[in-house]
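The chain contents come next:
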Amino acid sequence: MMKTCNNCTICNSATLIHRQNLRTLVVMAGVLDVLLRTHVERQQDAPTNHAPWEQLGKLVALVAEPAPLLAEGTAQGEALADNVAKHWLGTFDSLCLNCGFLLMDESDDPAPE
Ligand SMILES: [Zn+2]
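Since we're looking at a predicted model, the values are computed, not measured.

Cut-offs and rules
Residues numbered from 1 in each chain as written. Predicted model: local features only at pLDDT ≥ 70, side-chain atom pairs only at ≥ 80, totals over all residues. Axes fitted to C-alpha atoms, helices over the stretch in contact; angles between N-to-C directions. Helix = DSSP H or I, 4+ residues; strand = E, 2+ residues; numbered from the N terminus. Parallel < 35°, antiparallel > 145°, perpendicular 65-115°, else oblique. Left-handed = near helix turned anticlockwise from the far one by under 90°. Contact = placed C-beta atoms within 7 Å. Nonpolar A, V, L, I, M, F, W, Y, C, P; charged D, E, K, R; others polar. Core = buried A, V, L, I, M, F, W, Y, C linked by C-beta atoms within 7 Å. Buried ≥ 20, exposed ≤ 12 C-beta atoms within 10 Å, placed from the backbone. Expected span 1.5 Å × (residues − 1). Arc of directions from axis to C-beta.

A.B. asks: Mind showing me how you'd approach the packing of helix α1 (residues 19-43) against helix α2 (residues 54-63) here?
C.D. replies: Axis separation between α1 and α2 bottoms out at 10 Å; the angle between their running directions is 125°. Classified by the angle between their axes, α1 and α2 sit oblique to one another. Crossing of α1 against α2: the hand is right-handed. Residue-level contacts link L35, T38 and H39 of α1 to K58, L59, L62 and V63 of α2. When its residues are assigned to classes, the contact of α1 with α2 shows four nonpolar, two polar and one charged.

A.B. asks: Please clarify how the nonpolar core should be interpreted in this entry.
C.D. replies: Across soluble globular proteins, you tend to see nonpolar side chains buried next to one another. The biggest cluster of nonpolar side chains holds six residues, and these are V26, V27, V31, V34, L35 and A81. Broken down by element, this core gets its largest block of residues, five residues, from α1. Setting aside anything within four residues of it in sequence, one finds A81 in contact with R23, V26 and V27. Counting residues in hydrophobic clusters, the runner-up holds five residues, among them L16, I17, L95 and C96.

A.B. asks: What am I meant to see in the packing of α1 against helix α3 (residues 68-89) here?
C.D. replies: Two quantities define a packed helix pair, namely the angle between the helix axes and the distance between the axes. Between α1 and α3, whose axes approach to 7 Å, the crossing angle comes to 140°. If you check the angle between α1 and α3, you find them oblique. Where α1 crosses over α3, the handedness of that crossing is right-handed.

A.B. asks: What's the story with α3 in this structure? I'm lost.
C.D. replies: Between its terminal C-alpha atoms α3 stretches 30 Å, which fits the 32 Å expected from 22 residues at 1.5 Å a residue. Looking at α3, one finds that the buried residues are G73, G77 and A81. Taken end-on, α3 shows its buried residues confined to a sector of 75°, consistent with a single buried face. Residues of α3 that are exposed and point more than 90 degrees away from the buried face comprise P68, A71, D82, N83, K86 and H87. Each element contacted by the buried residues of α3 is listed here: α1. Phi turns positive, to about 60°, at G90, one or two residues after α3.

Structure (structure tokens):
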């Protein structure tokens, strides 16, 4: 079941992130990292241009390029997501980014006898 971000029961911040959302966030970060690295590499060969919006426009244009960049970023993010799930979440399902509280889905618990 896909869960949205809930408030943490310990610190009450809206920073409690479920396992699946954590994966999505890390994959997004991986894609952003690849886009930024590619953008910086291309700018090193280009003449300096400080016109408003120009750099953002070029960065956004990278998103429209064929699959390899997005696939590379997704793979990079998924590798980190696997480590986050393994080393941070363990057997838990949600993590509060603010206070570190870990939570299990109650629906996953075995029924009491
Ligand atoms: Zn918290």
